[in-house]
Amino acid sequence: MDVKAASNGVSTIEDRILRITGYYGYYPGYSSHQREEASENRTENINPDNNVKTRCQTCTSAFFKIFWGFLVILSVSSSWVGTTQIVKVTYKNFHCPFFMTWFSTNWNIMFFPVYYSGHLASAQEKQTLIKKIRECSRIFGEEGLTLRLFLKRTAPFSILWTLTNYLYLLALKKLTATDVSALFCCNKAFVFLLSWIVLKDKFMGVRIVAAIMAITGIVMMAYADGFHGDSIIGVALVVGSASTSALYKVLFKMFLGSANFGEAAYFISTLGFFNLIFISSAPVILYFTKVEYWSSFSALPWGYLCGVAGLWLAFNILVNVGVVLTYPILISIGTVLSVPGNAAVDLMKHEVIFSMVRLTATTIICIGFLLMLLPEEWDEITLRFINRLKEKKNEDQTEDTTESSVHTRSRSRANGTVSIPLA
């Protein structure tokens, strides 16, 4: 007798018994399906230790990423708030925004040495300084950094960098730190619009809405003081700073592409060298023309100047290191958290009174900034999440119906009645 036929015969007999007795949840071939499922479960559970180890490693990696994310968020927001507030304090006795911009940009030279020190401290296979420089200089091309590429690629980015920071510092003289930091968050919307037009990035309706919200917040912020006085000038300066920052990011993506941490550190250090070599004449000219004048070098607030430069350098390092340590979206959240941080300092230390129009404008801009952080597949992710909720709800309803039918059947059997389903 064939073994397979025998097993099928046994399955048929078991199925008939289950059908006659009215076994709950019966369907044809139940017993055979049960055997197949049991064999599959045995096969899957042959080596459960590997599955447990993989899950533990995944959970540990995600935990550390979130942990480092919180640290990066606090560090990024704190460094940006500290930079903005120290500039406001420095303006009380020393108002030379271009000199402060030039002095702070020179500190970018230290970016690559800081990166290389971290490489020596953490890397298993350590590279020499010359080899590391050659490796990171490939951001300029296969030939590395030449004098022609240094002038061609570094000059426009250095000018945009200087304009962004200079306009930002000028705006801090006209507006509060909260208003300036909130308006600067509009650069995210400008990056999207430029990327959509120039780089032909994917169109996203939600980001168009976010850009409209950013523009609405800008108009409301300018309207807060009636479109006159220092308010409208300050708003224009911050919008200019956000625009040059967006242009810098889009051009970087267009010409240099995506860079790793080492390449970004090398590039920013080259910006510092270009600033020191070619832009040093600008503060000298402003000094002798009495546009930005100070009595003597001993009268300069070196402590505040070094504080601004150090925090600015720390902010740039954290933004680039954070991409390696945690999720990039958390870095953007750290940037937008500088707005409530500056608001708290302005309220407690400077006793700034915020009008309802300014609060509304700031809130609209921050919401628009957060909408910009939504991934490109956010609609598909949302639909999948809703479908999973619906499936889970249907499963719960099915389980409730099953439990109620079991209780009904048990009560009917207790009363002496037996339900026999038809074949």
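Residues numbered from 1 in each chain as written. Predicted model: local features only at pLDDT ≥ 70, side-chain atom pairs only at ≥ 80, totals over all residues. Heavy atoms only, no water.

> Give a description of the overall build of the protein that names residues and reports values.
Each helix and strand in the protein was counted, giving 18 helices and zero strands. By the burial criterion, 38% of the 423 residues in the protein qualify as buried. Taking as baseline every contact in the protein between residues at least 6 positions apart, the subset at least 24 positions apart corresponds to 80%. Total accessible area on the protein is roughly 24,500 Å²; 65% of this is exposed by carbon and sulfur atoms. (Helix = DSSP H or I, 4+ residues; strand = E, 2+ residues; numbered from the N terminus. Buried < 20%, exposed > 50% of the residue type's maximum accessible area, 1.4 Å probe, protein only. Contact = heavy atoms within 4.5 Å. Areas by Shrake-Rupley, 256 points an atom, 1.4 Å probe, with all protein chains shown as cover.)

> Summarise the layout of surface pockets; cite the residues concerned and give the values.
Approximately 1,900 Å³ is the volume found for the largest pocket. In this structure, the largest pocket is lined by 47 residues; those nearest its centre are Lys188, Val191, Lys249, Val319 and Ser332. Residue contributions to the lining of the largest pocket peak at seven residues, all from helix 14 (residues 302–325). Grouping the constituent residues of the lining of the largest pocket by class yields 28 nonpolar, twelve polar and seven charged. The calculated volume of the second largest pocket comes to roughly 180 Å³. Residue lining of the second largest pocket: Phe111, Val114, Tyr115, Gly118, His119, Ser122, Ala123, Phe261, Ile317 and Val321, and that is the complete set. Looking at the lining of the second largest pocket, the elements with two or more residues in it are helix 5 (111–122) and helix 14. In terms of residue count, helix 5 provides more of the lining of the second largest pocket than any other element does, six residues in total. (1 Å grid on protein atoms, 1.4 Å probe; cavity = no way out; pocket = protein on both sides within 12 Å on 5 of 7 lines; lining within 4 Å. Points joined across faces, edges and corners; volume = space filled by probe spheres on them. Nonpolar A, V, L, I, M, F, W, Y, C, P; charged D, E, K, R; others polar.)

> Describe in detail a nonpolar patch on the surface, supporting the description with residues and values.
A surface patch of nonpolar side chains, amounting to about 590 Å² of accessible area, comprises Leu147, Leu151, Phe273, Leu276, Ile277 and Phe278. If you list the elements that add at least two residues to the nonpolar patch, you get helix 7 (147–174) and helix 12 (261–278). With four residues, helix 12 is the single largest residue contributor to the nonpolar patch. Relative to the assigned elements, Phe273 resides in helix 12. For Phe273, a relative accessible area of 40% corresponds to the partly exposed category. (Patch = residues over 30% accessible without salt bridge, like charges linked within 9 Å, V, L, I, M, F, W, Y side chains within 5 Å. Salt bridge = Lys/Arg side-chain N within 4 Å of Asp/Glu carboxyl O.)

> How would you explain the packing of aromatic side chains if you had to name every residue and give the values?
Evaluated as defined, the whole model comprises 32 aromatic pairs. The interplanar angle of 40° and the centroid separation of 5.8 Å between the aromatic rings of Phe99 and Trp102 together place this pair among those described as tilted. One end of the pair is Phe99 and the other is Trp102, both in helix 4 (residues 97–106) and three residues apart, which spans about a single turn. Pair check on accessibility: Phe99 and Trp102 agree, each one buried. Among the aromatic side chains, those forming a connected cluster through ring pairs are Phe94, Phe99, Trp102, Phe103, Trp107, Tyr287, Phe288, Tyr293, Trp294, Phe297 and Trp302. One Lys or Arg, Lys290, reaches over the ring of Tyr293 and ends 4.9 Å from the middle of that ring. (Phe/Tyr/Trp six-rings, centres within 6.5 Å; stacked < 30°, edge-to-face > 60°. Lys NZ or Arg CZ within 6 Å of the ring centre and 35° of its normal.)

> Before we move on, can you summarise the packing of helix 5 against helix 12 with the specific residues and values?
Direction vectors running N to C along helix 5 and helix 12 enclose 150°, while the axes themselves pass 7 Å from each other. In terms of their interaxial angle, helix 5 and helix 12 are classed as roughly antiparallel. Along its contact with helix 5, which presents Phe111, Phe112, Pro113 and Tyr115, the element helix 12 presents Phe261, Gly262, Ala265, Tyr266, Ile268 and Ser269. In the contact of helix 5 with helix 12, the residues fall into eight nonpolar, two polar and no charged. (Axes fitted to C-alpha atoms, helices over the stretch in contact; angles between N-to-C directions. Parallel < 35°, antiparallel > 145°, perpendicular 65-115°, else oblique.)

> A description of empty space enclosed by the protein should follow, citing residues and the corresponding values.
Applying the stated criterion across every chain, the model contains two cavities of 30 Å³ or more. Taken as a whole, the largest cavity holds about 50 Å³ of empty space. Lining the largest cavity we find Thr101, Ser104, Thr105, Asn108, Trp161, Asn165, Ala309, Trp312, Leu313 and Asn316. The element best represented in the lining of the largest cavity is helix 14, accounting for four residues. Looking at side-chain class alone, the lining of the largest cavity contains four nonpolar, six polar and no charged residues.

> Explain the side chain of Thr164 residue by residue, including any values.
Checked against the element boundaries, Thr164 lands in helix 7. Within polar-contact distance, the side chain of Thr164 engages the backbone oxygen of Leu160 at 2.8 Å. Once residues within four sequence positions are removed from consideration, Thr164 is found in contact with Phe184, Ser241, Thr244 and Ser245. (Polar contact = N/O pair within 3.5 Å; in protein donor to acceptor, adjacent residues only side chain to side chain.)

> Residues and numbers for unusual backbone geometry, please.
For Lys290, which is not a glycine, the phi torsion comes out positive at approximately 65°. Its place among the elements puts Lys290 in the loop between helix 13 (281–288) and helix 14.

> Describe the pattern of salt bridges, naming the residues involved and giving the relevant values.
On inspection of all chains with the given rule, the structure shows two salt bridges. Salt-bridge contacts for Arg358 lead to Asp179; the nearest nitrogen and oxygen are separated by 2.6 Å. With a gap of 179 residues between them, Arg358 in helix 17 (residues 356–372) and Asp179 in helix 8 (residues 177–184) connect regions that are remote in the sequence.

> Break down the confidence of the model for the protein for me, with residues and values.
Per-residue pLDDT for the protein averages 79, and the proportion of residues at 70 or more is 77%. Here residues 1–11 is a poorly scored stretch, pLDDT under 50, and it has five contacts once near neighbours within four places are set aside; other chains count. (pLDDT = per-residue confidence, 0-100.)

> Explain the environment of Leu359 residue by residue, including any values.
Relative to the elements of secondary structure, Leu359 occurs in helix 17. Sequence-wise, Leu359 and Ala224 are 135 residues apart; in three dimensions their C-alpha atoms are separated by 9.9 Å.

> How would you explain the packing of helix 9 (residues 187–197) against helix 11 (residues 230–255) if you had to name every residue and give the values?
Between helix 9 and helix 11, the shortest axis-to-axis distance is 8 Å and the interhelical angle comes to 45°. Comparing their axes, helix 11 and helix 9 come out oblique. The handedness of the crossing between helix 9 and helix 11 is right-handed. Counted together, Asn187, Phe190, Val191, Leu194 and Ser195 of helix 9 and Val239, Ala242, Ser243, Ser245, Ala246, Leu247, Lys249 and Val250 of helix 11 form the full contact between these two elements. Residues belonging to the contact of helix 9 with helix 11 are distributed by class as follows: eight nonpolar, four polar and one charged. (Left-handed = near helix turned anticlockwise from the far one by under 90°.)

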